[in-house]
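Coordinate inspection notes
So you can see what is in the structure, the chains are spelled out below.
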Amino acid sequence: MKKATARAHANIALAKYWGKRDEALILPYFDSLSVTLDAFFTTTSVEFSDVFEEDSLELDGEIFRAGEKEFDRLLAPLSHIREQSGVAESMRAVSKNDVPTAAGLASSASGTAAFVMAAAAAAGLNVSSKELSILARMGSGSASRSLFGGFAQWHAGTQNDGSDSFAEQLVEQDEWPEFRVVACIVSKKQKKVASRAGMKQTVATSPLYEGWKQQAPLDVAAMKQALAAKDFTTLGQIAESSFAQLHATMLSTNPPILYMAPASVEVINTIWAARETGEFEGYITMDAGPQVKIFCLAHDVEAISTAVSAVSGVQEVVVSSVGPDPTLLSEHLF
Ligand code: 2P0
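Starting afresh in each chain, residues are numbered from 1 along the sequence in its written order. The predicted nature of this model means local features are confined to residues of pLDDT at least 70 and side-chain atom pairs, given and counted, to a pLDDT of 80 or more, with totals for whole chains, interfaces and linings taken over all residues. Side-chain descriptors were evaluated using all non-hydrogen atoms of the structure, hydrogens and water having been removed beforehand.

Re the sheet that holds strand β12 (residues 292-297)
Here is the rule we go by: Being paired, for any two strands, means DSSP has found at least two bridges between them. For the purposes of this entry, the term helix denotes a DSSP run of H or I that reaches at least four residues, the term strand denotes a run of E that reaches at least two, and both are numbered from the N terminus. An axis is simply a line fitted to the C-alpha atoms; with a helix, the fit covers only the stretch in contact. Between two such axes, the angle follows the N-to-C directions and lies from 0 to 180 degrees.
Pairing in this open sheet of 4 strands is antiparallel, and the strands run β11-β12-β10-β13 from one edge to the other. At either end of the open sheet lies a strand with only one pairing partner, and these are β11 (283-285) and β13 (316-321). Along the sheet, successive strands turn relative to each other by an average axial angle of 25°, direction set aside. For strand β10 (residues 179-185) and β12, the ladder comprises 6 bridges, and the chain directions are antiparallel. The residue of β12 that forms the bridge with Arg 180 is Cys 296.

Here it is in structure tokens:
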């Protein structure tokens, strides 16, 4: 039977990706660096069979087909998997997101990573994590990083065919057991500007993008050193600077892109004020939405959770530690 199931975890970038030098292959302008999250993951079962009339993806109970963006994201990796394996049958994929909240905390990375792992196994392909990372990248850039637990670096690469643009593990899951991410959910509404369209507009119009492009490789290099030394303060400072450069660049896009909600700004000010007085040490990050995520160490989780829960507009606080590698599971979703 050509069927397999995989589970992959979401990731959050400490050094951000935003902007493609090649939109079809999804090749970024610069490297990014992420931590995989234990608390957020996607499980996906894929089967190839003549029984199915057409390709379909069932995502948390809703069915998508070719022509819909949820499905079309998977077209490039799927056609490569078919080409490499010779599998010609129709595909059914069923996917379930396990996130402790309904809020859109990036599930496209874990979803795409789980999909390519399950689809490659269902098609009988024996491929490395590096090759799976390349396949996932073709579906969604940040998904390249979800092929690894712990901390990972997505190499931008220089080749036009994308053969050197993949993620690589830097630090394993159990190497930094005290590391935590505290996620503050401030809004459960859909985001106003999708990442893909937003980053394209930023590259085309932001006068700040060029400066960030120069700085990003320096930040990634310094961040790798801090990570290797488990120097949390330096790592946090660079991560916060990457977040600030991302959101400054977004805001300098024409028309401007602003993902922050009033409660996001309140959380940022709360964290910064407490850090200044030495109450706790947390560093801010935000992605293409209003949720605020705070990097910290285990001993500060309680104080940070208490402080942000008191901010008006914070609906939910979810704590995650460092997540594992993706895995194939023997139990299928259908
Ligand atoms: C990141 N983000 O590094 C950055 C920071 C959002 C802000 O990667 O077009 O879903 O599929 O490559 O990966 C979100 O964008 O975009 C993202 P595509 P993706 O995590």
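Now, onward.
Quick word on empty space enclosed by the protein
For clarity, the threshold we go by: Of the grid points, spaced at 1 Å and generated over the protein atoms alone, those admitting a 1.4 Å probe that cannot get out make up cavities, while open sets with protein on both sides within 12 Å along at least five of seven lines make up pockets; any residue with an atom within 4 Å of a point is treated as lining. Grid points are joined across faces, edges and corners, and a volume is the space filled by probe spheres set on the points. The classification used treats Ala, Val, Leu, Ile, Met, Phe, Trp, Tyr, Cys and Pro as nonpolar, Asp, Glu, Lys and Arg as charged, and all other residues, Gly among them, as polar. Those domain boundaries reflect an automatic or database domain assignment.
Within this structure, the stated rule accounts for 1 cavity of 30 Å³ or more. Around the largest cavity, the lining residues are Ala 15, Lys 16, Phe 30, Asp 31, Trp 212, Ala 216, Asp 219, Val 220, Ser 242 and Gln 245. Among the elements that take part in the lining of the largest cavity, helix α6 (residues 209-228) stands out by supplying 4 residues, more than any other. Class assignment of the residues belonging to the lining of the largest cavity gives a composition of 5 nonpolar, 2 polar and 3 charged. Residues from two domains meet in the lining of the largest cavity; each of domain 1 (3-176) and domain 2 (179-321) gives at least three.

Examining the domain arrangement of the protein
In many reports, interface size means the accessible area that the parts give up when they come together. Here is the rule we go by: Whether two residues are in contact is decided by their heavy atoms, any of which lying within 4.5 Å being enough. Throughout, the accessible surface (probe 1.4 Å) given up by two parts as they are put together, summed over both, is called the buried area. A pairing counts as a salt bridge when a side-chain nitrogen of Lys or Arg comes within 4 Å of a carboxyl oxygen of Asp or Glu.
Segmenting the protein into domains produces domain 1 (3-176) and domain 2 (179-321). Using C-alpha coordinates to define each centre, domain 1 is positioned 23 Å away from domain 2. Opposite the 34 residues of domain 1 that make contact, domain 2 presents 43 residues. Summing the contributions of domain 1 and of domain 2, the shared interface buries around 3,400 Å²; its carbon and sulfur component is 73%. Area buried by domain 1 at its contact with domain 2 is led by Lys 16, Trp 18 and Trp 176, which between them contribute 29% of it. For the interface between domain 1 and domain 2, the tally reads 2 salt bridges.

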